[in-house]
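One-letter residues, chain by chain:
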Amino acid sequence: MEHLRYLRGNHHKSVGAMYGKTVKVPIRSLLLCALLFFNLLNTGCSSSANKQQKTIDGSSSQAITYSTNPHDVVIRTFYGGGLDGALSLSPQISIYGDGAYIVGVERQGTLGDDQFQHLLSTLINNDKLLTLKRQVFSDSSDQDVTLLQLTLNGQVHTIIYGTFDDHAQSNEDIASYQRVGRAITQIMNALTGPTQPYHASAVALLVRNVPYYDYTQSIPQWRDPSFTLAQAAQLECGPQPEDIDPNKEAACLKYTIPRQAILLNTAQWQTLQKVLGKQLSATFMERQHYYEVRIRPLLPEEVADHQLAMFGSAQSHYKSVPLHMGPLPPVSA
């Protein structure tokens, strides 16, 4: 077979053919073929993308779409945030694009397609959550709130629902507050189907230094040679003061979220599991210091995003916790 030959000419190219003939092809024809190929390719990609979305039927003035990807969170609630509140290690409820839902990190179930569409239509068209003039319904920083997240049209909509003084609010705000409360109740009531235990594909390690321990309990020594608990606690909560009051605890991982969390590899998790058994927390001893160790099962999207979904005390908005992978930095002097 002879090589392809390129002949220069005005608006033409020559291509060597298999039988030694030269065939002239107009450049415009080549461009047209390329454009048609691109359109076919683009149409295929668009069709694939459209299969990952659905539109909610209802009375809304604009089309509302949501992802049907099983790793995309469509509805999520947290509880916490108050100055007098406690740390929530996981969301209350996570509902994904395919209708699967997880309660905390303990139980999982599935909403049927019609059930899921009905719930979303109710939240949008009846409760009108996307047209609220305000998104924060809480007038007490001391009290915990419910943080509701809706991911629709590719955007995350966040609403905070807590204590609300009816006497100091307008009638419109009171009505909106009541709609939000009704919406949160409807979300919880929708999850009435059968559930089964949630089994995570990965886990995160949460470590904090504790200045005391229960002397009546047997305290195991930390045995994992890949890192120390001092390293883990410093990475997640920062350096621990040497002169800390033994009657006080640091707020990190007691009330507030950590700076980072540690993603355990399979070997590390198996080593720790031999000590913990079915428990998810225990106190360990290392060089005469005591550490509270907790295991946090990861939700489906957290594995891919390398972010941990937590909501702690003294938070006015949601902020994810980065997951650290690999060797831990040494303890600073």
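Only a predicted model underlies this, so the values are computations on that prediction, with no experimental measurement involved.

So, on to the overall build of the chain. The helix and strand tally for the chain stands at 6 helices and 18 strands. Counting only residues that meet the buried cut, the chain has 40% of its 333 residues in that class. A sequence separation of at least 24 residues applies to 66% of the contacts in the chain between residues at least 6 apart. For the chain, the exposed area adds up to about 19,500 Å²; of that, 53% sits on carbon and sulfur atoms.

Attention shifts here to the sheet that holds strand β11 (residues 155-161). Pairing between sheet strands relies on hydrogen bonds along the backbone, with the strands arranged either parallel or antiparallel. Taken together, the 8 strands give an open sheet; going across it, the order is β9-β11-β10-β5-β6-β7-β8-β12, and neighbouring strands pair in mixed fashion. Looking at which strands have only one partner, the edges of the open sheet turn out to be β9 (136-137) and β12 (196-197). One ladder, built from 6 bridges, connects strand β5 (residues 73-80) with strand β10 (residues 145-152); its direction is antiparallel. Following the sheet pairing, Ile75 is matched in β10 by Leu150. Against the sheet, helix α2 (residues 113-126) contacts β5, β6 (93-96) and β10, and its axis sits at roughly 65° relative to β5. Strands in contact with helix α3 (residues 171-190) are β5, β6, β9, β10 and β11; relative to β11, the strand with the most contacts, it is inclined by about 105°.

Taking burial as the measure, the 9 residues of helix α4 (residues 229-237) include 7 buried ones, the bulk of the element. Along α4, the positions that sit buried rather than exposed are Leu229, Gln231, Ala232, Ala233, Gln234, Leu235 and Glu236. The secondary structure elements touched by the buried residues of α4 are β13 (203-210), β14 (261-263), β15 (281-286), β16 (289-297) and β18 (321-324). Once α4 ends, the next one or two residues include Gly238, with phi positive near 90°.

Along the chain, Val321 falls in strand β18. Residues Val321 and His306, spaced 15 residues apart in sequence, show a C-alpha to C-alpha distance of 8.6 Å. In contact with Val321, other than residues within four places in its own chain, are Ile257, Pro258, Arg259, Gln260, Ala261, His306, Gln307, Leu308 and Met310.

For the rest of this paragraph, the subject is the sheet that holds β14. Strand order in the open sheet formed by 6 strands is β15-β16-β13-β14-β18-β17, with mixed pairing between adjacent strands. Each of the sheet's edge strands pairs with one partner strand only, and the pair in question is β15 and β17 (307-308). Sheet topology note: the β14/β18 ladder contains 2 bridges and is parallel. By the bridge assignment for β18, Ala261 is matched with Leu323. Against the sheet, α4 touches β13, β14, β15, β16 and β18, its axis set at about 95° to β13. Along the sheet, helix α5 (residues 266-276) contacts β13, β14, β15 and β16; its crossing angle with β15, the most-contacted strand, is approximately 100°.

For the rest of this paragraph, the subject is the nonpolar core. Residues Ile75, Ile95, Leu129 and Leu152 are the most contacted members of the largest nonpolar core, which totals 28 residues. Of all the secondary structure elements, the ones that give two or more residues to this core are β4 (64-67), β5, β6, α2, β10 and α3. Setting aside anything within four residues of it in sequence, one finds Leu129 in contact with Leu123, Ile124, Leu148, Leu150, Ile159, Val180 and Ala183. If you look at the next biggest cluster of nonpolar residues, it comprises 20 residues, including Val207, Trp222, Leu264 and Ile295.

Rules behind the numbers
- Residues numbered from 1 in each chain as written.
- Predicted model: local features only at pLDDT ≥ 70, side-chain atom pairs only at ≥ 80, totals over all residues.
- Heavy atoms only, no water.
- Helix = DSSP H or I, 4+ residues; strand = E, 2+ residues; numbered from the N terminus.
- Buried < 20%, exposed > 50% of the residue type's maximum accessible area, 1.4 Å probe, protein only.
- Contact = heavy atoms within 4.5 Å.
- Areas by Shrake-Rupley, 256 points an atom, 1.4 Å probe, with all protein chains shown as cover.
- Pairing = 2+ DSSP bridges.
- Axes fitted to C-alpha atoms, helices over the stretch in contact; angles between N-to-C directions.
- Core = buried A, V, L, I, M, F, W, Y, C linked by side-chain atoms within 4.5 Å.

Read these as spatial facts, not as claims about activity.
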